[in-house]
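# Tertiary structure, described
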Amino acid sequence: MTDTSRRRIVLLLDGGLSETLQSMLNPSNISLHPTLWSAALLVPGGIPGTTTDIITSAHDRFLKAGCDIITTVGYQATVAGFMASGLAATQEQAMDFICRAPQIAVAAVNAHVARGQNIAGDVMAKNEPISTGSGASIQPRVRASTSMFFDRSANVTVPVVALSVGPYGAHLADGSEYTGKYACAVEAIRGHHFQTLTALTQVWQQTDSARKVLAFETIPSLEEALVIVNLMSTDFADFPYWISFQCRSGSQTAAGDSLSAACASILKAMSSESVYNHHGLVGLGVNCCDPEHAIEAVGDISATVPSWMEVLAYPNSGETWDAVRKNWTKDIKSSPGDVSGDNVVHACAANGATVVGGCCRVGPERCEEFRRAVDAWNLQFQQ
């Protein structure tokens, strides 16, 4: 039975970091790396005419937009990717580049907090319907939050840093991250993630002052998710992480797995210790998908996972990628699936999402819109 004595509020995750960085580079006619994308910015000279200062500036824009959680520029930062590009001569050098992503993000958060630009904290709940922003009222479908990973206490105002880890297919730059059809054995996927995690967990202690979580993003299949769960349980059991699926519909992963069945399989495979110690798997969700799919998907996930687990939704903008012209269309859908900030946030939250944000084509300006929507949703918790 749901504990109604304490209701969870929604936290705001940032948007598409790489797309934001590209927009910041556009006035200088500079493009991100063709295979490493924004990860090349971690390498001195990796993208001529740039420094890591631009990453700091992008983080700062999202923090100023009111994001409670920011992601690192690590999605395509891998040993294999850096070495294949020629930007790293050795595995050690590649791992050093991987470590720079969380270091930059943590420094940005520390500077943000030092300027006194802290975020708002938690408020208690009132069990009543709220407006969706379009005239209709909905009854919030919110679950207990007393032992969730992300602290919602009123005195906690420091943003969280999510250390982004992309799927195996991200370093291939062939689109396979959106299908999960990898031409390799499971052992190769495990080895690939092991290298990245070895670097990230080594730098974890060096950034001990920050609140952090590992974020496995755009995972296309249950198969890869189970590799991650097994790897984290056996080799990196002390570290908290979430897994976010890329999905082809509101009920299927990109590879075609049933989303609810995939979540159930993950829960069966994971260690129960994370319930009590706040390490291990702390969240499941979807990202880099259509907003309408995300809204439906979080309903399935929320109905499957335990009440202490975070449920994440950070879809794309609602625009459509034209694979022929290599650009995004501008005709964001409006009906029947309204993907405005208010409706995405309220619909995802009503279906059980606890963390909402954006992915591709969702920049700081859109996150400001999301912030207002999150604040409106969270008003129901005010006594």
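A few words now on the overall build of the protein. The helix and strand tally for the protein stands at 11 helices and 12 strands. The buried share of the protein, taken over its 383 residues, is 57%.

Moving on: the nonpolar core. In terms of nonpolar packing, the biggest core is built from 110 residues, with F82, L214, F216, W242, I243 and V286 touching the most fellow members. No other element matches the 11 residues that helix α4 (residues 91–114) contributes to this core. Setting aside anything within four residues of it in sequence, one finds F82 in contact with L36, A39, L42, V43, A77, L87, A88, A94, F97 and I98.

Right, let's talk about the pattern of salt bridges for a bit. Using the criterion set out here, one finds eight salt bridges in the structure. Among the salt bridges present, the one from E365 reaches R61, with a minimum N-O distance of 2.8 Å. On the criterion of sequence distance, the pair formed by E365 in helix α11 (residues 364–378) and R61 in helix α2 (residues 53–64) is long-range, its members being 304 residues apart. Put simply, D375 and R371 hold a salt bridge, and the shortest N to O gap is 3.0 Å.

Pairing is parallel across the open sheet formed by eight strands, whose spatial order is β1-β12-β9-β8-β7-β6-β5-β2. Edge positions in the sheet fall to β1 (11–12) and β2 (69–71), since each of these pairs with one other strand and no more. Where β2 meets strand β5 (residues 160–165), three bridges bridge the pair, whose relative direction is parallel. Within the sheet, the bridge partner assigned to T71 lies in β5 and is A162.

Moving on, we come to the state of the cysteines. By the definition in use, this model includes zero disulfides. Not part of a disulfide, C359 finds its nearest cysteine sulfur in C288, a span of 4.0 Å. Overall, C359 belongs to the buried group, its relative accessible area being 13%.

The next point concerns the packing of helix α6 (residues 222–235) against helix α7 (residues 259–269). When two helices pack together, you describe them by how their axes are tilted relative to each other and by the distance separating the axes. Interhelical geometry of α6 versus α7 gives an angle of 20° and a closest axis separation of 10 Å. If you check the angle between α6 and α7, you find them roughly parallel. Of the two possible hands of crossing, α6 and α7 adopt the one that is right-handed. Between α6, through L222, A225, L226 and V229, and α7, the contact on the second element is made entirely by A262, S265, I266 and A269.

About the criteria used
Residues numbered from 1 in each chain as written. Predicted model: local features only at pLDDT ≥ 70, side-chain atom pairs only at ≥ 80, totals over all residues. Heavy atoms only, no water. Helix = DSSP H or I, 4+ residues; strand = E, 2+ residues; numbered from the N terminus. Buried < 20%, exposed > 50% of the residue type's maximum accessible area, 1.4 Å probe, protein only. Core = buried A, V, L, I, M, F, W, Y, C linked by side-chain atoms within 4.5 Å. Contact = heavy atoms within 4.5 Å. Salt bridge = Lys/Arg side-chain N within 4 Å of Asp/Glu carboxyl O. Pairing = 2+ DSSP bridges. Disulfide = S-S within 2.5 Å. Axes fitted to C-alpha atoms, helices over the stretch in contact; angles between N-to-C directions. Parallel < 35°, antiparallel > 145°, perpendicular 65-115°, else oblique. Left-handed = near helix turned anticlockwise from the far one by under 90°.

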